[in-house]
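# Fold and geometry: a report
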Amino acid sequence: MHQKTKKKDKNGDVIIRAVVAGIVAAVILLLAYSLMIDKGVASIKYVGYAVIGINFIAAAVCGIVAGSAAGEGRLVRVTASCGIFTAALAVFALASNEGGVEMDRILRMILCGCGGALCGLIVRFGKSNKKLQNRSKNKRRYNKS
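Because the structure is predicted, anything quoted here is derived from the model rather than measured.

## Focus: the overall build of the protein
- Within the protein one finds five helices and zero strands.
- Going from the N terminus to the C terminus, the protein shows its helices and strands as α-α-α-α-α.
- Expressed as a percentage of its 145 residues, the buried residues of the protein come to 28%.
- Taking the contacts inside the protein whose residues are at least 6 apart along the sequence as the reference set, 71% of them involve residues at least 24 apart.

## Concerning the packing of helix H2 (residues 47-67) against helix H3 (residues 74-96)
- H3 packs onto H2 with a crossing angle of 145° between their chain directions and a minimal axis gap of 9 Å. When the axes of H2 and H3 are compared, the crossing they make is right-handed. Across the interface between the two elements, Asn-55, Ala-58, Ala-59, Cys-62, Gly-63, Ala-66 and Gly-67 of H2 pack against Arg-74, Arg-77, Val-78, Ser-81, Cys-82, Phe-85 and Leu-89 of H3.
- Classifying every residue of the contact of H2 with H3 gives eight nonpolar, four polar and two charged.

## Quick word on a nonpolar patch on the surface
- There is a patch of nonpolar side chains on the surface, built from Ile-16, Val-20, Val-24 and Ile-28 and spanning about 360 Å² of accessible area.
- Mapped onto the fold, Val-24 is located in helix H1 (residues 2-39).
- Overall, the relative accessible area of 42% leaves Val-24 in the partly exposed class.

Criteria and cut-off values
- Residues numbered from 1 in each chain as written.
- Predicted model: local features only at pLDDT ≥ 70, side-chain atom pairs only at ≥ 80, totals over all residues.
- Heavy atoms only, no water.
- Helix = DSSP H or I, 4+ residues; strand = E, 2+ residues; numbered from the N terminus.
- Buried < 20%, exposed > 50% of the residue type's maximum accessible area, 1.4 Å probe, protein only.
- Contact = heavy atoms within 4.5 Å.
- Axes fitted to C-alpha atoms, helices over the stretch in contact; angles between N-to-C directions.
- Left-handed = near helix turned anticlockwise from the far one by under 90°.
- Nonpolar A, V, L, I, M, F, W, Y, C, P; charged D, E, K, R; others polar.
- Patch = residues over 30% accessible without salt bridge, like charges linked within 9 Å, V, L, I, M, F, W, Y side chains within 5 Å.
- Areas by Shrake-Rupley, 256 points an atom, 1.4 Å probe, with all protein chains shown as cover.
- Salt bridge = Lys/Arg side-chain N within 4 Å of Asp/Glu carboxyl O.

Below, the structure is given as structure tokens:
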């Protein structure tokens, strides 16, 4: 019975780490883009597209971190961390804008966050599955001869 609680704690820790990593990545990328605007390298008229791209990249980081832990339940961890990460971004967007944020922007943030997290999971799962792929390739090679 003690092992189950350890596993739940580990999943919770992984989800928290993934959300924090996603938020840190988003903050760093937003600061970098704001510095680029300040230096005149980037234009302010593309801020909406940049925020969507930054949201996608940060959600992918969140998915990679959530999918990096070994064991079953990767999809559940990625889904949970994606939901928390996207909710945190939506709350931050609503709190920072006094005039309010349109619901289509919130919906875009949610869809982009989920897509980025799933892309991060795919990247992480493909990377961790190399050993299995190599074993299958070796079996096919030895069965032919």
